[in-house]
Amino acid sequence: AQTVTQSQPEMSVQEAETVTLSCTYDTSENNYYLFWYKQPPSRQMILVIRQEAYKQQNATENRFSVNFQKAAKSFSLKISDSQLGDTAMYFCAFMKKTGANNLFFGTGTRLTVIP
Amino acid sequence: GAGVSQSPSNKVTEKGKDVELRCDPISGHTALYWYRQSLGQGLEFLIYFQGNSAPDKSGLPSDRFSAERTGGSVSTLTIQRTQQEDSAVYLCASSLRDAANYGYTFGSGTRLTVV
């Protein structure tokens, strides 16, 4: 079974500062994908960034980057130059490479960007 | 359509009544997923469709829950004899066959309240 743990229920950051959201996971799979999703008040889940487990290079999307530590089963999200529009729930998620492509989610971190 | 459409957006029902939640995926997306998001929780996988067939029904919480998909398009999630613990946001997502590479697109969900 796959489990995803987000140990920070809530975080806040000053506008323009940097914040890191933590995520750890447990799996016996060797090939898999990891994701960070953002859920604003509109409820729609929006993909922020994606990492393939077999790639050692950390994924980056503009102001968003990850620190993927496969041996430690850790997948943290760094948001640089935080903007007010980054205020949302952030979910870490795991997907096996084979079989049904359903996602296993953590319980989320509520991020508030303070002006 | 341009996105995944879910209806109704909000539904209040009395305990014991049946409800139907609808999901219109993106045209051409062969895979369709249902998730449940309870207050303060992450997303819980319910069921997955590839075309009209559901190879993975393992997440359905009880036999009161059922889902179908017709014409490889619209899906309906039915909850019979609703209970208060069924209150949650029900999210639908669709993807091309290879969800890991192409990602999911989520709808904005149906908020179900059982009173």
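Remember, it's a predicted structure, so these values are computed and weren't measured experimentally.

Engineer: Is there a simple way to think about the state of the cysteines in this case?
Structural biologist: One way to say it: the disulfide is the covalent bond shared by the sulfur atoms of two cysteines. Residue and element names in this part refer to chain A. Considering all chains together, one arrives at two disulfides over all chains under this definition. Bridging C23 to C92, the disulfide has an S-S length of 2.0 Å. Its S-S torsion of about -70° marks the bond between C23 and C92 as left-handed, since a negative value means left-handed. With C23 in the loop between β3 (19-21) and β4 (24-26) and C92 in strand β10 (residues 88-96), this pair connects stretches of sequence that are 69 residues apart.

Engineer: When you look at the confidence of the model for chain B in this model, what are you seeing that I'm missing?
Structural biologist: Caution applies to low-pLDDT regions: their predicted coordinates should not be interpreted in detail. The predicted model of chain B has a mean per-residue pLDDT of 91, with 98% of residues at 70 or higher. Of all secondary-structure elements in chain B, the lowest mean pLDDT belongs to helix α1 (residues 99-102) of chain B, at 72, while strand β3 (residues 19-24) of chain B reaches the highest, 98.

Engineer: Explain the layout of surface pockets here, please?
Structural biologist: Which parts of space are left empty comes out when a probe the size of a water molecule is rolled across the atoms. Reported here for the largest pocket is a volume of approximately 480 Å³. Considering the residues around the largest pocket, the lining is formed by 23 residues, among which Q39(A), R110(A), Q37(B), L39(B) and R111(B) are closest to the centre. Secondary-structure elements contributing two or more residues to the lining of the largest pocket are β10 and β12 (109-114) of chain A together with β9 (88-95) and β11 (110-114) of chain B. Residues that form the lining of the largest pocket fall into these classes: 10 nonpolar, 10 polar and three charged. Estimated volume of the second largest pocket: approximately 170 Å³. Looking at the second largest pocket, the residues that line it are L47(A), V48(A), I49(A), R50(A), Q51(A), E52(A), K55(A), Q57(A), A59(A), T60(A) and E61(A). Elements supplying a minimum of two residues to the lining of the second largest pocket: β6 (46-52) and β7 (60-61) of chain A. Of the residues forming the lining of the second largest pocket, the biggest block, six residues, is contributed by β6(A).

Engineer: What is the right way to read the nonpolar core from this model?
Structural biologist: Soluble globular proteins tend to bury their nonpolar side chains together. With 25 residues, the main nonpolar core has Y25(A), W36(A), F75(A), L77(A) and Y90(A) as its most contacted residues. Among the elements of the structure, β3, β5 (32-39), β6, β8 (64-69), β9 (74-79), β10 and β12 of chain A are those that each provide at least two residues to this core.

Engineer: When you look at the sheet that holds β3(B) in this model, what are you seeing that I'm missing?
Structural biologist: One key point about sheets: their strands pair by backbone hydrogen bonds, in either a parallel or an antiparallel sense. Residues and elements named next belong to chain B. Across the sheet, which stays open at both edges, the four strands sit in the order β1-β3-β8-β7 with antiparallel pairing between neighbours. Both outer strands of the open sheet, β1 (5-7) and β7 (65-69), are each paired with one neighbouring strand and no more. Between one strand axis and the next, the sheet turns through 15° on average, direction left out of account. Relative to strand β8 (residues 75-79), β7 runs antiparallel, the two being bridged by five bridges.

Engineer: What's the story with the pairing of β8(A) in this structure? I'm lost.
Structural biologist: Looking along a regular strand, one sees side chains alternate from face to face of the sheet. Residues and elements named next belong to chain A. When β7 meets β8, the two strands line up antiparallel, connected through two bridges. Looking at the pairing, T60 lines up with S65 of β8. The loop that links β7 with its antiparallel partner β8 comprises two residues; one of these, N62, has a positive phi angle of about 55°. Bridge count between β8 and β9: six bridges; the pairing is antiparallel. Residue pairing across strands places F64 opposite I79, the latter belonging to β9.

Engineer: Please clarify how the interface of chain A and chain B should be interpreted in this entry.
Structural biologist: The figure often quoted for interface size is the accessible area lost as the parts come together. The partner chain B presents 26 residues to the 18 residues of chain A that form the contact. Here chain A and chain B share an interface that buries about 1,700 Å² over both sides, 51% of which is from carbon and sulfur atoms. Summed over the three residues of chain A that lose the most area to chain B, namely R43(A), N101(A) and F105(A), the buried surface amounts to 34% of that side. Remark: the boundary between chain A and chain B carries zero salt bridges. Here chain A is connected to chain B by seven residue pairs in polar contact (both at pLDDT 80 or more). Those elements that provide at least two residues to the side of chain A that touches chain B are β5, β10 and β11 (103-105) of chain A. A per-element tally of the side of chain A that touches chain B places β5(A) first, with four residues.

Engineer: In this structure, what is going on with the packing of aromatic side chains? I would like to understand it.
Structural biologist: How two aromatic rings sit relative to each other is given by the distance of their centres and the angle of their planes. One pass over the full model with this rule turns up 18 aromatic pairs over all chains. Aromatic side chains W36(A) and F75(A) sit 6.3 Å apart centroid to centroid with 20° between the ring planes, which places their arrangement in the stacked category. Of the two residues, W36(A) is situated in strand β5 and F75(A) in strand β9; the sequence distance between them amounts to 39 residues. For the residue pair W36(A) and F75(A), the accessibility class agrees, reading buried in each case. Here Y33(B) and Y104(B) contribute two aromatic rings whose centre-to-centre distance is 4.4 Å and whose plane-to-plane angle is 20°, an arrangement assigned as stacked. Residue Y33(B) is located in strand β4 (residues 31-37), and its partner Y104(B) is located in the loop between α1 and β10 (105-106); the two are separated by 71 residues in the primary sequence. In this pair, the class of Y33(B) matches that of Y104(B), namely buried. One aromatic cluster in this structure is built from F35(A), Y37(A), F91(A), F105(A), Y33(B), Y35(B), F45(B), Y48(B), Y104(B) and F106(B).

Rules of the game
Residues numbered from 1 in each chain as written. Chains lettered and ligands numbered in written order. Predicted model: local features only at pLDDT ≥ 70, side-chain atom pairs only at ≥ 80, totals over all residues. Heavy atoms only, no water. Disulfide = S-S within 2.5 Å. Helix = DSSP H or I, 4+ residues; strand = E, 2+ residues; numbered from the N terminus. pLDDT = per-residue confidence, 0-100. 1 Å grid on protein atoms, 1.4 Å probe; cavity = no way out; pocket = protein on both sides within 12 Å on 5 of 7 lines; lining within 4 Å. Points joined across faces, edges and corners; volume = space filled by probe spheres on them. Nonpolar A, V, L, I, M, F, W, Y, C, P; charged D, E, K, R; others polar. Core = buried A, V, L, I, M, F, W, Y, C linked by side-chain atoms within 4.5 Å. Buried < 20%, exposed > 50% of the residue type's maximum accessible area, 1.4 Å probe, protein only. Pairing = 2+ DSSP bridges. Axes fitted to C-alpha atoms, helices over the stretch in contact; angles between N-to-C directions. Contact = heavy atoms within 4.5 Å. Buried area = accessible area lost by both parts, 1.4 Å probe. Salt bridge = Lys/Arg side-chain N within 4 Å of Asp/Glu carboxyl O. Polar contact = N/O pair within 3.5 Å; in protein donor to acceptor, adjacent residues only side chain to side chain. Phe/Tyr/Trp six-rings, centres within 6.5 Å; stacked < 30°, edge-to-face > 60°.

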